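Tertiary structure, described
One letter stands for each residue in the lines below.
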Amino acid sequence: MIKIHPIETGQLRIRRMHRYGLGWDRWSRLATWMLVPGFAAPIPMRAWLIDHPDGPIVVDTGETLRAQDDPEYFPPDQRPFFKLAFRFQMTAADEIGPQLLQMGFQPEDIQTVVLTHAHMDHSDGLHHFPNATVFFSRREWHDANNNSRTHGAVTARWPSDMTVEQVDYVPEPIGPFQQSFPLTKDGRVRIVPTPGHTMGHQSIVVQADDLIYFIAGDVSFTEAELFSDRVDGVTHSAKASQETRQKIREWATSQPIVYLPSHDPDSPIRLKNKQHISKV
Ligand SMILES: [Zn+2]
């Protein structure tokens, strides 16, 4: 029996043109993001726990209170930009470590953490898992570490001694995905590449008895936007994003899929009600 738990690590306000990108390529979207004033409504910063017989798996690690309260959290070269771009709304109890304890899991016991991508609101909680192997896609690990000023990851604050596994997908198809990476012995929990938002973005497919759960990271911010041509303001490739979304939409025509993006306020209720993608 596999059970999935949502873990909301507070809320984030992003700029309006981050929420809804405007521009013909990444750089024009980034310019619009910064130039157009105003913030969108708060969105949840969500991580997930997959409770599997092999052991619990954490997907993304949420935000840390330090991003909100410690003026020196962001390194000097990233600080002005992050201050301009984000407004955090969280408390110490929102961090993933305390929440896991509340749920009966010791963060130190967690062996497996998977990141959908390296953006700060997905990776800033990595320090809660000193004994885990952290699964990044090979591309995401490279891009976050080589473009740290523009990738949106606070790599300087990641634990320097963390154990990283760079995922190499293998030719084990699942649905429309030709390659995947099995995280469990039974193959029911798999990572699949879902580029677009970042080029190394990945999602987690959980095959339960009755349904497939698709932990989508930032493939789209909501389920409705899975059906939209519009991308967010930080998306690296709109074309790759549309191809990824198209694969998921097509899969949903032949297979009940519960779609769980990180920032969709309705993901937990869809999870609870096993409400699958229906607009197909
Ligand atoms: Zn993101």
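Coordinates for the structure precede this section.
What comes next concerns the included structure. Note that the structure is a prediction, hence the values are computed from the model and not measured.

Cut-offs used in this document
Residues numbered from 1 in each chain as written. Predicted model: local features only at pLDDT ≥ 70, side-chain atom pairs only at ≥ 80, totals over all residues. Heavy atoms only, no water. Helix = DSSP H or I, 4+ residues; strand = E, 2+ residues; numbered from the N terminus. Contact = heavy atoms within 4.5 Å. Phe/Tyr/Trp six-rings, centres within 6.5 Å; stacked < 30°, edge-to-face > 60°. Buried < 20%, exposed > 50% of the residue type's maximum accessible area, 1.4 Å probe, protein only.

Comments concerning unusual backbone geometry
One non-glycine residue, Asp60, lies in positive phi territory at about 65°. Within the secondary structure, Asp60 is located in the loop between strand E3 (57-59) and helix H3 (65-69). Unlike most non-glycine residues, Lys274 shows phi in positive territory, near 50°. With respect to the secondary-structure elements, Lys274 resides in the segment after helix H10 (267-273).

So, the side chain of Gln242
Within the fold, Gln242 resides in helix H9 (residues 238-254). Non-local contacts of Gln242, meaning those with residues more than four positions away in its chain, are made with Ser228, Asp229, Arg230, Val231 and Arg249.

Overview of the packing of aromatic side chains
Aromatic ring pairs are described here by two measures, namely the spacing of the ring centres and the angle between the planes. The tally for this structure, following the rule as stated, stands at 15 aromatic pairs. Taking 5.5 Å as the distance between ring centres and 50° as the angle between the ring planes, the aromatic pair formed by Phe82 and Phe86 counts as tilted. By relative accessible area, Phe82 is classed as buried at 1%. Look at Phe86 and you get buried, because its relative accessible area is 10%. What links up through ring pairs into an aromatic cluster is the set Trp33, Tyr73, Phe74, Phe81, Phe82, Phe86 and Phe88.

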